[in-house]
Amino acid sequence: MLIYTNLNEYKQQVADYFNGRTNYDGSEFANLRANRFLELLPLENGYKVLDIATGTGLIAIPVAEIVGHQGKVIGVDIASVLLKQAQNKIDVLNLKNIELIEVDAEFLIFTENSFDAVLCCSAVMVFQNIFAALKDWYRFLKPGGIVAFNAYAETSLMTPTIIQSCSNCGIDLPNIHEPLGTVEKCKNLLKKVGFNNIEVTTEQFGKYISVDDAKNIFDGNTWIHPENPLMQLPLEQKEILKAEFAKIIEDLATDKGVFHDITTFFVLARK
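Quick caveat, the model's predicted, so the values are computed rather than measured.

(A) Summary view of the overall build of the protein. In terms of helices and strands, the protein carries nine helices and 10 strands. Its C-alpha atoms give the protein a radius of gyration of 19 Å, within 12% of the compact-globule value 18 Å for 271 residues. Reported as C-alpha extents along the three principal axes, the dimensions of the protein are approximately 55 × 35 × 35 Å. Scored against the burial criterion, the 271 residues of the protein give a buried share of 51%.

Below, the structure is given as structure tokens:
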């Protein structure tokens, strides 16, 4: 595994967050999302594939099996702990057509027109410049090549409730899902880059969860965004935010619990 990392403060926070998710493969949602993502990919034997934010290889490993010995998968990520887990799985399966690189995905240097597909499952929203990343992916793709990623609705993952709890405490929290938070935004951004044949499949992975589980979604601290006002808050203020969030959750509670919306957009387009 090659290593080329020189992360700024924000990206180090992102890497630390994902490196802390040591049981990523055990997440029911992560596996459901990955399986649906894979179902929608029109891949063929012999394809050369770039998997952005490859993590533990939930996408890269089955894709390597699809493209076969004549194909190749390059997986990149900044989370070294997850990459080591991926490499362990690759070694056990004795896969020879996957290469992992620990590198900032916003500073990739690949030859133009060199990949049949560029994939990114559940990470594009944390990029500091999504438009610039998509432009890079467009350059890396061969004519007719596939780009595929997923994003979340602006309303997903308790985001409105988290933002409201912060607003009630005088804090303006940006919505990380805003740039790709609707079907139209996904399509418009891809069109702006130059992609065509754009398809967006919407899935709802949400369900009712207990009030206690809902309260634990936000602790007054965890929030990934390049402009995160929570980072510098004192512990006392974070506890106030957590309490305000819990109060709003209680108001949302029904006899079924609290609905955890996970509206997910699976986006597929061609160069």
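(B) Spatial organisation of the side chain of Glu244. Structurally, Glu244 is set in helix H9 (residues 235-252). No salt bridge is formed by the buried Glu244; its nearest oppositely charged neighbour, Lys247, is found at 4.9 Å. Of note is the side chain of Glu244, whose polar atom sits 2.9 Å from the side chain of Asn168. Not counting residues within four places of it along the chain, the set of residues in contact with Glu244 comprises Ser165, Asn168 and Cys169.

(C) Spatial organisation of the nonpolar core. Core analysis: the biggest nonpolar cluster contains 93 residues, and Ile52, Val63, Trp137 and Phe149 have the highest contact counts within it. Counting residues per element, this core draws most heavily on strand E6 (residues 141-152), at seven residues. Each residue touching Phe149, except ones within four places of it in the same chain, is listed here: Phe37, Cys120, Val124, Leu134, Trp137, Leu180, Leu190, Phe265, Phe266 and Val267.

(D) Molecular detail of the packing of aromatic side chains. Within the structure shown, the criterion is met by 11 aromatic pairs. Ring centres of Phe29 and Phe205 lie 5.6 Å apart, and the angle between their planes is 65 degrees; on these two criteria the pair is classed as edge-to-face. Here Phe29, found in helix H2 (residues 28-39), pairs with Phe205, found in the loop between strand E7 (196-204) and strand E8 (207-209); they are 176 residues apart in sequence, far enough to count as distant. Owing to a relative accessible area of 21%, Phe29 belongs among the partly exposed residues under this scheme. Judged by centre distance (5.5 Å) and plane angle (85 degrees), the ring pair of Phe110 and Phe140 falls under edge-to-face. With Phe110 in the loop between strand E4 (98-103) and strand E5 (115-120) and Phe140 in helix H5 (residues 130-140), this residue pair connects regions lying 30 residues apart in the sequence. An aromatic cluster is built from Phe29, Phe37, Tyr152, Phe205 and Phe266, whose rings are joined through pairwise contacts. Here the basic side chain of Arg33 rests over the ring of Phe29, its NZ or CZ set 4.8 Å away from the ring centre. Note that Lys271 overlies the ring of Tyr138, its terminal NZ or CZ placed 5.0 Å from the centroid.

(E) View of H2. With 12 residues, H2 ought to run about 16 Å at 1.5 Å a step, and its terminal C-alpha atoms sit 17 Å apart, in line with that. Taken as a whole, H2 has its buried residues at Ala30, Arg33, Ala34, Phe37 and Leu38. Taken end-on, H2 shows its buried residues confined to a sector of 130 degrees, consistent with a single buried face. Along H2, exposed side chains directed more than 90 degrees from the buried face belong to Glu28 and Glu39.

What counts, and where the lines are drawn
Residues numbered from 1 in each chain as written. Predicted model: local features only at pLDDT ≥ 70, side-chain atom pairs only at ≥ 80, totals over all residues. Heavy atoms only, no water. Helix = DSSP H or I, 4+ residues; strand = E, 2+ residues; numbered from the N terminus. Rg over C-alpha atoms; globule rule 2.2 N^0.38 Å. Buried < 20%, exposed > 50% of the residue type's maximum accessible area, 1.4 Å probe, protein only. Lys, Arg positive; Asp, Glu negative; His and termini not counted. Salt bridge = Lys/Arg side-chain N within 4 Å of Asp/Glu carboxyl O. Polar contact = N/O pair within 3.5 Å; in protein donor to acceptor, adjacent residues only side chain to side chain. Contact = heavy atoms within 4.5 Å. Core = buried A, V, L, I, M, F, W, Y, C linked by side-chain atoms within 4.5 Å. Phe/Tyr/Trp six-rings, centres within 6.5 Å; stacked < 30°, edge-to-face > 60°. Lys NZ or Arg CZ within 6 Å of the ring centre and 35° of its normal. Expected span 1.5 Å × (residues − 1). Arc of directions from axis to C-beta.

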